[in-house]
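Per-entry structural report
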Amino acid sequence: MTSRIHAPHTTCPSCKEEVYLDELVGGRCPLCGCSLENGEEVDSEFDELIGRSDLSWMVFQYFFFRKLDRLGAHPVQIMHLISRYEEQLASGEAATSDIPFDLEIPMRLSDAIRLKRCSVCGKLFVRTGKKYVSGLLRSPSEKIRFTCPSCDKTSGAQE
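First, a word on what this report is: a plain description of the structure on this page. (Residues numbered from 1 in each chain as written. Predicted model: local features only at pLDDT ≥ 70, side-chain atom pairs only at ≥ 80, totals over all residues. Heavy atoms only, no water.)

**Some details on a nonpolar patch on the surface**
Put simply, the test is: The residues that make up patches have over 30% relative accessible area and no salt bridge, and they are joined within 9 Å when like-charged or within 5 Å when they are Val, Leu, Ile, Met, Phe, Trp or Tyr. Computed with the Shrake-Rupley method and a 1.4 Å probe, the accessible areas treat only the protein chains shown as cover for residues. A pairing counts as a salt bridge when a side-chain nitrogen of Lys or Arg comes within 4 Å of a carboxyl oxygen of Asp or Glu. Each helix is a run of H or I in the DSSP string that is no shorter than four residues. Each strand is a run of E no shorter than two, and both are numbered from the N terminus.
On the surface, a nonpolar cluster with roughly 530 Å² of combined accessible area is contributed by Leu55, Met58, Val59, Tyr62 and Phe63. With respect to the secondary-structure elements, Met58 resides in helix H3 (residues 54–71).

**Some remarks on the packing of aromatic side chains**
Put simply, the rule reads: For this analysis, a ring pair means two rings from Phe, Tyr or Trp (six-membered ring only for Trp) whose centres lie within 6.5 Å, classed as stacked if their planes differ by under 30 degrees, edge-to-face if by over 60, and tilted for the remaining angles. Partly exposed residues are those whose accessible area sits between 20% and 50% of the maximum for their type, while under 20% is buried and over 50% is exposed, using a 1.4 Å probe and protein chains only.
Scanning the entire structure with this criterion turns up four aromatic pairs. Ring plane angle 15° and centroid distance 5.9 Å describe the contact between Phe60 and Phe64, whose orientation is recorded as stacked. Linking Phe60 with Phe64, this pair stays in helix H3, spanning four residues, or about one helical turn. For Phe64, a relative accessible area of 8% corresponds to the buried category. The interplanar angle of 45° and the centroid separation of 5.9 Å between the aromatic rings of Phe60 and Tyr85 together place this pair among those described as tilted.

**Brief notes about the sheet that holds strand S6 (residues 130–136)**
Going by this rule: Here the rule is simple: two strands pair whenever DSSP picks up at least two bridges between them. Only C-alpha atoms enter the line fits that serve as axes; for helices the fit covers just the stretch in contact. Angles between N-to-C directions range over 0 to 180 degrees.
The antiparallel open sheet is built from three strands, whose spatial order is S3-S6-S7. Edge positions in the sheet fall to strand S3 (100–105) and strand S7 (142–147), since each has one partner strand and no second. Sheet twist, expressed as the mean angle between neighbouring strand axes with direction ignored, is 25°. Alignment of S3 against S6, held across six bridges, turns out to be antiparallel. Counterpart to Leu103 in the pairing with S6 is Val133.

**Structural notes on the pattern of salt bridges**
Counted according to the given criterion, the structure contains five salt bridges. Where Arg145 meets Asp102, a salt bridge forms, and the shortest distance between an N and an O atom there is 2.6 Å. Taken together, the residues Arg145 in strand S7 and Asp102 in strand S3 connect sequence positions 43 residues apart. The class of Arg145 is buried, set by a relative accessible area of 19%. Among the ionic pairs, Glu104 bridges to Lys130, the shortest N-O distance being 3.7 Å. Highlighted residues: Glu104 in strand S3 and Lys130 in strand S6, separated in sequence by 26 residues. We classify Glu104 as partly exposed; its relative accessible area is 33%. Residue class for Lys130 comes out partly exposed when judged on its relative accessible area of 29%.

Following this line, the structure appears as C-alpha cells:
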C-alpha cells in the first residue's frame, strides 16, 4: 500500500475522486468516463502502448492458439505460425494472401486403433503413422489428414 502513495495520480474534475494514472482507460477516468486535463499526454502514451488495435489481435491469437492447442499441436509451432502471420501483416502482404499451415499433432487412442487412409499414397494402415492438421489461417475450417510410415519419411510437415 505504501508504494501506491508515490505512484503518479491526479484528481478527476468531474467526480472529484483521486485517480492513479495507470488506472486511466484511454485517458479517461475509470469511474465516470470524464476526459482528464492531461488526457492528450495519456492518450498518446496509451496509443503508443496499444498500437494497432492490439486487443483484437490478442483475442485472435488466444483463440487460434487455444484451438490448435486443444488439437495437440506443439505450442512453439503455433507461435511460429502466428508470428509468421504477424510479419506478413506488418509487410502488407496479409491483405492479399492467406497463410497455409500444416502442423503435426499427436494421435489419440481412438486414432491409433481405427483404420486410416494415407493422404499421400492412399494405402490403409492401422497403428503407426502421423496425424496432421492443415488449413488456412483465415479460414475457420481445418482438415485432419494421416500419413503412413513409409510416406511420412518422405513428406513430413511443411508448416
